[in-house]
Each structure stands twice: as structure tokens, then as C-alpha cells.
Amino acid sequence: MAGQGLRERKQQRQRAAIVEVGMRLFTEKGFDATTVEEIADTAEVSRRTLFRYFGTKGDIVMDWARGTTETLCSALRARPLDESPMESLRAAFQALNRSFTGDVSAIHAQALMVERTTSLRPYSMLKHAQWEEALAAALAERDRRLDTATSALLARIGVAAFRVALDEWLNGDGSDLPIELTDRAFDLVRETTRK
């Protein structure tokens, strides 16, 4: 927030408060059962203010996941250049896992709500498509020998491996972050491609 004016800082705090309230209500009551009015009232803002930041309730969910793409790409760019692309992708997704701080059970409940709510499925798919596109570009940038098709394929495999780990994590109690599950998914990719 350094260098930002008072107004910009207030807007950021207000936006973050709306996201926090929205995600808590979605998790407690369900996404479809939570109204915009309830979010605005609980966040102590007007509907007009809420819509200044978010066009739809789904945009609140997307904002909750904001920053994950940059976390993945930054972690990927930081990996040694002589490391295999899949090992670098594994490390990037582990960095994403470790970036989630706070109450792990609350994160699990929120992720479960996002992934298991039919009306939110398009938002989840959009976020994963954004990951694929950004990771493909980062892979191609760090290794000029990878053509567009190869970097896109590797990025999609990496996202798919993480999604498998995520699904397994969501089926459990969520007491720990899916670090071991992510490793297992990437190990499975490595073992399968050796056959």
C-alpha cells in the first residue's frame, strides 16, 4: 500500500472486507442461498458500493482467489533453469499450497464451497484456465526450447495434477494443506509418463 493515497487504501480495505464477509456467508449458508443484500448489510456497505467493486456474487469468489496466478508464476520463475519443467511446476504448486496462511479448516471449507457449488463451477474453471495460460507463458519464457504446444501441454498437466490433489483434499477432513497429496499427484504423472 506504500505510495497509495488515503482514498485508495480505504477502497482496498472496503473491498477486502466485502470479500471476507461474502466468503464467510457463502461458506456458512451456501453461495446460492446468500443474497447480495445480506453481504452488503453484514459488510456495512450499500448495495451500490458493493456493485462498485463486484458485478456479481461470483466476482467476490474470483477476488478471493486473486493472486494465486501470480504466486504460481513467481514460484515457477524462481526455480533453477536446469530443473525439469514438471519438477518446476510441482514446486510452483507447493508454493501455492504454502501461501495459504491462517485457519486451514476455514480454507478447506471455502475451497469445498467453491469447488462443489454448481453455479460456481464456471468461475473455478476460469481460474484454472488462467493458471494454464500464465504457466504456459512462464514455461516458454524460461526455456526457449519449449514450443507453444509443449509449454501449453505441460501447464495443463501441472494444473490437472494439482486438481487431482485438490479433489482428494476436499474429500478429506482438511486438517492439513494438500502438500503431500500434491506430491503424490506429480509423482503419479512422472511414473505414468515413464511407462
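Residue positions are given per chain, counting from 1 as you read along its sequence in written order. This being a predicted model, a pLDDT of at least 70 is required before a residue's local features are given, and a value of 80 or more before pairs of side-chain atoms are given or counted; all residues contribute to the totals for chains, interfaces and linings. Excluding hydrogens and water, the side-chain values take into account all heavy atoms of the structure.

**Regarding the layout of surface pockets**
Within this model, the largest pocket holds a volume of roughly 530 Å³. What lines the largest pocket is a set of 28 residues, among which Trp64, Ala65, Thr68, Phe100 and Ala111 lie closest to the centre. Helix and strand definitions here come from DSSP, where helices need a minimum of 4 consecutive H or I residues and strands a minimum of 2 consecutive E residues; each element is numbered from the N-terminal end. Secondary-structure elements contributing two or more residues to the lining of the largest pocket are α4 (57-64), α5 (68-77), α6 (85-99), α7 (104-116), α8 (121-142) and α9 (148-170). The residue inventory of the lining of the largest pocket, partitioned by class, reads 16 nonpolar, nine polar and three charged. Cavity: a set of points on a 1 Å grid over the protein atoms alone where a 1.4 Å probe fits but cannot get out. Pocket: an open set with protein on both sides within 12 Å along at least five of seven lines, its lining residues, like those of a cavity, having an atom within 4 Å of a point. Grid points are joined across faces, edges and corners, and a volume is the space filled by probe spheres set on the points. There is about 230 Å³ of room inside the second largest pocket. Every residue lining the second largest pocket is listed: Gln12, Arg15, Ala16, Val19, Glu20, Met23, Arg24, Asp63, Trp64, Arg66 and Gln110. Those elements that provide at least two residues to the lining of the second largest pocket are α1 (6-29) and α4. The residue inventory of the lining of the second largest pocket, partitioned by class, reads four nonpolar, two polar and five charged. Three classes are used: nonpolar for Ala, Val, Leu, Ile, Met, Phe, Trp, Tyr, Cys and Pro, charged for Asp, Glu, Lys and Arg, and polar for all others, with Gly counted as polar.

**A word on the packing of aromatic side chains**
Aromatic rings from Phe, Tyr and Trp, with only the six-membered ring used for Trp, were paired whenever their centres fell within 6.5 Å, and each pair was classed as stacked if the ring planes differed by under 30 degrees, edge-to-face if by over 60, and tilted otherwise. Under the counting rule described, the total for this entry stands at six aromatic pairs. Taking the centre distance of 4.9 Å and the plane angle of 20° together, the rings of phenylalanine 93 and phenylalanine 162 count as stacked. Of this pair, phenylalanine 93 sits in helix α6 while phenylalanine 162 is found in helix α9, placing the two residues 69 residues apart along the sequence. For each residue, the accessible area found with a 1.4 Å probe, counting protein chains only, is set against the maximum for its type, and the residue is called buried under 20%, exposed over 50%, and partly exposed in between. Taking relative accessible area as the criterion, phenylalanine 162 reaches 5% and is therefore assigned buried. Summarising the aromatic geometry, the rings of tryptophan 131 and phenylalanine 162 are spaced 5.8 Å apart at their centres and angled 65° between planes, so their arrangement reads as edge-to-face. One end of the pair, tryptophan 131, is in helix α8; the other, phenylalanine 162, is in helix α9, and 31 residues separate them in sequence. As far as the burial class goes, tryptophan 131 and phenylalanine 162 line up, both buried. Taken together, Phe93, Trp131, Phe162 and Phe186 form an aromatic cluster joined through their ring pairs. Across the ring face of tyrosine 53, the terminal group of arginine 52 is positioned such that the distance to the ring centre comes to 6.0 Å. Here, a charge over a ring means that NZ of Lys or CZ of Arg falls within 6 Å of the ring centre while also lying within 35 degrees of the ring normal. Over the ring of phenylalanine 31 we find lysine 57; its NZ or CZ atom is 4.5 Å from the centre of that ring.

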